[in-house]
Amino acid sequence: MNDPADIRDRRHLTGHDILALNFVKTDVPFVFRRHFREGLRSHIFELHDPESVALEKNGVMENGVRIFPRSVPFAMLRLMRYRFSSAGEALAEIERFHTLLRFLTTDFVADSEEFVVDYRIHGKMELLLCGFQEYVAGEVFDPWAFERYPGTLSSLADQVSALRDTGMPESRFLDLLERNARRFVAALKQMMDRAGLIPDLSGVGNLIVTKDARLKLVDINNISRVCFTPDVYIDDKGYPVCDKSVEVLAILEEHFFGTPRPDMIRKDPVYRVFLEPDRLGLVREKEKAFLKKGIG
């Protein structure tokens, strides 16, 4: 049963809730604002400069017109919901992120300063893993859109170009995006091969396309073992995260690089395992069971 007093059990928090935490100073020099994407495994808050928030609220006159510029966060705060049984378990989680960062670098994953605090709840101190994470501006990349809509890459180029101070021809943007996607996929395959790990690539919003034509992973809370066993691995929430993330890699290769799926399966032993038709069917059943729980 959920404990309404425990932030790890609450569905939503406010900035006032953050300031009430025992490990947060009440006079912090920034404003906490709940991020529009509430994480399944973490509470996610934006950190804003108070002056930027004041401009957003009060506006500023430009050429006789009052405009209200949106405040842009300078960082993100992440409070993980998972209950760690020991400091070693929390440190192992941090080490998985450092492994991810080592292979992908800050070119392709949001940097984060991970730290563990004592969280006071019901008179006791419990471990809580937090992170000050880089804010990544850009457009949400939905890998599954390729299966639903045509022209996804061109549409994405148009959206991201609106964020740029200087224009970039669409052909140039897509060329850069393809080259960076190749680097991204290569780094992930190297991580799978050498460390036996893969991050969650499958959630809508886990990947951002930046204005300089890069795919950047912003959800770093679910780094899974690569499991080649016949039984499909599911994470602590019941989601087949490893298999679905490998499917995303295949989608990137198919739609960014133009590699036919049969060629991928023939050449790559990872795809031969994870894209096998019976296994894909089993993964779909696991995914349906997860969605039926209503926590996705």
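Residues numbered from 1 in each chain as written. Predicted model: local features only at pLDDT ≥ 70, side-chain atom pairs only at ≥ 80, totals over all residues. Heavy atoms only, no water.

Now for the overall build of the chain. For the chain, the count of helices and strands is nine helices and twelve strands. Counting only C-alpha atoms and orienting by the principal axes, one finds that the chain spans roughly 60 × 55 × 35 Å. Considering the chain as a whole, with its 296 residues, one finds that 45% of them fall into the buried category. Taking the contacts inside the chain whose residues are at least 6 apart along the sequence as the reference set, 64% of them involve residues at least 24 apart. For the chain, the accessible area works out to roughly 15500 Å², and carbon and sulfur atoms hold 53% of it. (Helix = DSSP H or I, 4+ residues; strand = E, 2+ residues; numbered from the N terminus. Buried < 20%, exposed > 50% of the residue type's maximum accessible area, 1.4 Å probe, protein only. Contact = heavy atoms within 4.5 Å. Areas by Shrake-Rupley, 256 points an atom, 1.4 Å probe, with all protein chains shown as cover.)

Orientation of helix α5 (residues 170-195) relative to helix α6 (residues 241-256), taken along the N-to-C sense of each, is 150°, at an axis distance of 10 Å. Comparing their axes, α6 and α5 come out roughly antiparallel. The way α5 lies across α6 gives a crossing that is left-handed. Note on element contacts: α6 touches α5 through V246, L249, L252, E253 and F256, opposite L177, E178, A181, F184, V185, L188, K189 and M192. Along the lines of polarity and charge, the residues of the contact of α5 with α6 split into ten nonpolar, no polar and three charged. (Axes fitted to C-alpha atoms, helices over the stretch in contact; angles between N-to-C directions. Parallel < 35°, antiparallel > 145°, perpendicular 65-115°, else oblique. Left-handed = near helix turned anticlockwise from the far one by under 90°. Nonpolar A, V, L, I, M, F, W, Y, C, P; charged D, E, K, R; others polar.)

So, on to the packing of aromatic side chains. The tally for this structure, following the rule as stated, stands at ten aromatic pairs. Site record: aromatic cluster; members linked through ring pairs are F30, F32 and F74. Over the aromatic face of F257 sits the side chain of R182, whose NZ or CZ is 4.2 Å from the ring centroid. (Phe/Tyr/Trp six-rings, centres within 6.5 Å; stacked < 30°, edge-to-face > 60°. Lys NZ or Arg CZ within 6 Å of the ring centre and 35° of its normal.)

Before going further, it helps to examine the packing of helix α3 (residues 87-108) against α5. Helix-helix packing is characterised by the crossing angle of the two axes and by the distance between the axes. Across the interface, α3 lies against α5 with an axial gap of 9 Å and an inter-helix angle of 175°. In terms of orientation, α3 lies roughly antiparallel with respect to α5. Across from T99, L100, F103, L104, D107 and F108 in α3, the residues of α5 making contact are N180, R183, F184, A187, L188, Q190, M191, R194 and A195. Taken together, the residues of the contact of α3 with α5 break down into nine nonpolar, three polar and three charged.

On to a nonpolar patch on the surface. A contiguous nonpolar patch, built from F36, V140 and V204 and spanning about 290 Å² of accessible area, is present on the exposed surface. Tracing the backbone shows F36 in the loop between β1 (31-34) and β2 (42-48). (Patch = residues over 30% accessible without salt bridge, like charges linked within 9 Å, V, L, I, M, F, W, Y side chains within 5 Å. Salt bridge = Lys/Arg side-chain N within 4 Å of Asp/Glu carboxyl O.)

Let us look at helix α9 (residues 277-292). Owing to its 3.6 residues per turn, the α-helix brings residues three or four apart onto one side. Between its first and last C-alpha, α9 extends 23 Å over 16 residues, near the 22 Å set by a 1.5 Å rise per residue. Buried positions along α9 lie against α6 and α8 (269-274). Structurally, the start of α9 carries an N-cap: the backbone nitrogen of D278 is 3.1 Å from a side-chain oxygen of E276. (Expected span 1.5 Å × (residues − 1). Polar contact = N/O pair within 3.5 Å; in protein donor to acceptor, adjacent residues only side chain to side chain.)

Of note, E93 is situated in helix α3. One polar contact links E93 to R96, side chain to side chain, over a distance of 2.6 Å. Non-local contacts of E93, meaning those with residues more than four positions away in its chain, are made with M80, F84, L129 and N221.

So, about the confidence of the model for the chain. Low-confidence regions, as indicated by low pLDDT, have predicted coordinates that should not be scrutinised in detail. Summary statistics for the chain give a mean pLDDT of 91 and a share of 96% for residues scoring 70 or more. Of all helices and strands in the chain, the one with the weakest mean pLDDT is helix α4 (residues 152-161) (74), whereas strand β9 (residues 197-199) scores best (97). (pLDDT = per-residue confidence, 0-100.)

Spatial strand order, β1-β2-β5-β7-β6: five strands in an open sheet with antiparallel pairing. Taken across any chain shown, the strands that pair with only one partner, and hence form the sheet edges, are β1 and β6 (112-121). In this sheet, adjacent strand axes meet at a mean angle of 30° when their direction is disregarded. Pairing geometry for β1 and β2, over four bridges, is antiparallel. Note on β2: the bridge partner recorded for V31 is H48. Its contacts with the sheet put helix α2 (residues 50-58) on β1 and β2, and the angle it makes with β1 is roughly 60°. Packed onto the sheet, α3 meets β5 (75-80), β6 and β7 (124-133) and runs at close to 155° relative to β6. (Pairing = 2+ DSSP bridges.)

Another aspect to go through is the sheet that holds strand β8 (residues 139-141). Paired through their backbone hydrogen bonds, the strands of a sheet run either parallel or antiparallel. As summarised here, the arrangement of the three strands in space is β8-β10-β11, forming an open sheet in which the pairing is antiparallel. With partners counted over all chains shown, the strands left at the sheet margins are β8 and β11 (215-217), one partner each. Put simply, the sheet's adjacent strands are angled 40° from each other on average, direction ignored. Judged from the three bridges that link them, strand β10 (residues 207-209) and β11 form a sheet pairing that is antiparallel. Looking at the pairing, L207 lines up with L217 of β11.

The element β5 is largely enclosed, with a buried count of six among its six residues. Every second residue of β5 is oriented toward a common face, with A75, L77 and L79 on one face and M76, R78 and M80 on the other, all of them buried. In terms of strand pairing, β2 meets β5 through six bridges, oriented antiparallel. Bridge pairing in β5 links S42 to M80.

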